[in-house]
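Residues per chain are reported as follows:
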Amino acid sequence: MHHIQHPKGRSRTRGENTVIVKIANRDKSLTLISAYSSPSANLEEMIKELDEELSKLQDENVIVGADINAHCIRWRYQTNNNRGYQVENFIAEKNLQLLNSPGAEPTFQRHNAEGWPDLTLESNPTLANMCD
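Every value quoted in this text rests on a predicted model; they were computed, and no experiment measured them. (Residues numbered from 1 in each chain as written. Predicted model: local features only at pLDDT ≥ 70, side-chain atom pairs only at ≥ 80, totals over all residues. Heavy atoms only, no water.)

Draft legend 1. Highlighting unusual backbone geometry. Of note, the phi angle at Asn69 is positive, near 55°, even though the residue is not glycine. Topologically, Asn69 is positioned in the loop between β5 (61–67) and α2 (82–93). (Helix = DSSP H or I, 4+ residues; strand = E, 2+ residues; numbered from the N terminus.)

Draft legend 2. Fine view of the side chain of Ser29. Here Ser29 is to be found in the loop between β3 (18–23) and β4 (30–36). For Ser29, a relative accessible area of 13% puts it in the buried group. Side chain to side chain, Ser29 and Glu60 meet in a polar contact 3.0 Å long. (Buried < 20%, exposed > 50% of the residue type's maximum accessible area, 1.4 Å probe, protein only. Polar contact = N/O pair within 3.5 Å; in protein donor to acceptor, adjacent residues only side chain to side chain.)

Draft legend 3. The arrangement of the side chain of Asn61 in detail. With respect to the helices and strands, the residue Asn61 is situated in strand β5. Accessibility expressed as a relative area gives 12% for Asn61, which makes it buried.

Draft legend 4. Just the packing of helix α1 (residues 43–56) against α2, in detail. Between α1 and α2, the least distance of the axes is 11 Å, while the angle of their chain directions is 10°. Regarding the angle of α1 to α2, the classification is roughly parallel. On the side of α1, the interface is formed by Leu43, Glu44, Ile47, Leu50, Asp51 and Leu54, while α2 contributes Arg83, Gln86, Val87 and Phe90. (Axes fitted to C-alpha atoms, helices over the stretch in contact; angles between N-to-C directions. Parallel < 35°, antiparallel > 145°, perpendicular 65-115°, else oblique. Contact = heavy atoms within 4.5 Å.)

Draft legend 5. Focus on the nonpolar core. Ile33, Met46, Leu50, Val64, Ile68, Trp75 and Val87 are the most contacted members of the largest nonpolar core, which has 24 residues in total. Sorting the residues of this core by element identifies β4, α1, β5, α2 and β9 (118–122) as the ones contributing at least two each. Ranked by the residues each element gives to this core, the list is headed by α1, at 5 residues. Apart from residues no more than four positions distant in its own chain, Ile68 is found in contact with Ser37, Leu43, Met46, Arg83, Val87, Pro117 and Leu119. (Core = buried A, V, L, I, M, F, W, Y, C linked by side-chain atoms within 4.5 Å.)

Draft legend 6. Geometry of the pairing of β3. Across 6 bridges, β3 lies against β4 in antiparallel orientation. Bridged to Ile20 within β4 is Ile33. (Pairing = 2+ DSSP bridges.)

Draft legend 7. Local environment of α2. Compared with an ideal rise of 1.5 Å per residue, which puts 12 residues at 16 Å, α2 spans 17 Å between its outermost C-alpha atoms and is within 8% of the ideal. Buried residues of α2: Arg83, Gly84, Gln86, Val87, Phe90 and Ile91, and no others. Each buried residue of α2 sits inside an arc of 160° when the element is viewed along its axis, so together they form one side. Exposed residues on α2 whose side chains face more than 90 degrees from its buried face are Asn82, Ala92 and Glu93. Of the surrounding elements, those touching the buried residues of α2 are α1 and β9. Its side-chain oxygen at 3.2 Å from the backbone nitrogen of Arg83, Asn81 defines the N-terminal cap of α2. Count one or two residues on from α2 and you reach Asn95, which has phi positive near 55°. (Expected span 1.5 Å × (residues − 1). Arc of directions from axis to C-beta.)

Next up, the structure:
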């Protein structure tokens, strides 16, 4: 992990599969995590990286935006694939909330293919209410 401290209460950390930005606030900081896993990559590496970072941030508000390339019925695919089961289990184990809207347009479209490989997750259910 590469860590950079910025002025005004912000810091950034970059891993192999993630970029993490922490925004400090008087009340409570917010951590934004961007993650990517290529369809051909080993998903377990990205999950391990996310798991390690989330373990460090247990009491903080965290939002994860991830292009995971995992198929799961929960985010509008017709079937689950192995990656989808892995991500679904990770979400449950970490007690994360999936913020993707059930009727959302596909986040990936090309020729005759479409999909929803991009997920938005949050650690605290009240974060979603703040955005409504």
